[in-house]
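# Summary of structural features
Residues per chain, in single letters:
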Amino acid sequence: MLKVAPAYLSDIEAADALVLLCEEIGEASEKGRSARCYALTGDRRALAGTVL
């Protein structure tokens, strides 16, 4: 997720980029945003309710 939406992008810019990726791979965009948040912070609470 960080390759598509690097840390320097705002959350809104990242969401726009992640929607396209998630549609392409058939995944919910919420899971993509959660995975990016986890990758940035290392906080597993970002993944609460998701199955990766």
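It should be noted that the structure appears before, not after, this text.
Quick caveat: nothing in here was measured; it's all calculated off a predicted structure. (Residues numbered from 1 in each chain as written. Predicted model: local features only at pLDDT ≥ 70, side-chain atom pairs only at ≥ 80, totals over all residues. Heavy atoms only, no water.)

## Some remarks on the overall build of the protein
- The secondary structure content of the protein amounts to two helices and zero strands.
- Taken over C-alpha atoms, the radius of gyration comes to 10 Å for the protein, in line with the 10 Å a tight globule of 52 residues would show.
- By the burial criterion, 25% of the 52 residues in the protein qualify as buried.
- A total accessible area of about 3,700 Å² is found for the protein, and carbon and sulfur atoms account for 56% of it. (Helix = DSSP H or I, 4+ residues; strand = E, 2+ residues; numbered from the N terminus. Rg over C-alpha atoms; globule rule 2.2 N^0.38 Å. Buried < 20%, exposed > 50% of the residue type's maximum accessible area, 1.4 Å probe, protein only. Areas by Shrake-Rupley, 256 points an atom, 1.4 Å probe, with all protein chains shown as cover.)

## Considering helix α2 (residues 29–41)
- Taking 1.5 Å of rise per residue, the 13 residues of α2 would be expected to cover 18 Å, and the 18 Å separating its terminal C-alpha atoms lies within 8% of that figure.
- Of the residues making up α2, those classed as buried are S29, G32, S34, A35 and R36.
- Taken together, the buried residues of α2 touch α1 (11–25).
- Positive phi appears at G42, one or two residues downstream of α2, with a value of about 75°. (Expected span 1.5 Å × (residues − 1). Contact = heavy atoms within 4.5 Å.)

## Comments concerning the packing of α1 against α2
- Contact pair α1 / α2: the axes reach a minimum separation of 9 Å and the direction vectors enclose 125°. Regarding the angle of α1 to α2, the classification is oblique. Our pair here, α1 against α2, has a crossing hand that is right-handed. Taken together, the residues of α2 that come into contact with α1 (itself represented by D11, A14, A15, L18, V19 and C22) are S29, G32, R33 and R36. (Axes fitted to C-alpha atoms, helices over the stretch in contact; angles between N-to-C directions. Parallel < 35°, antiparallel > 145°, perpendicular 65-115°, else oblique. Left-handed = near helix turned anticlockwise from the far one by under 90°.)

Note that all results are geometric; they support no functional claim without further evidence.
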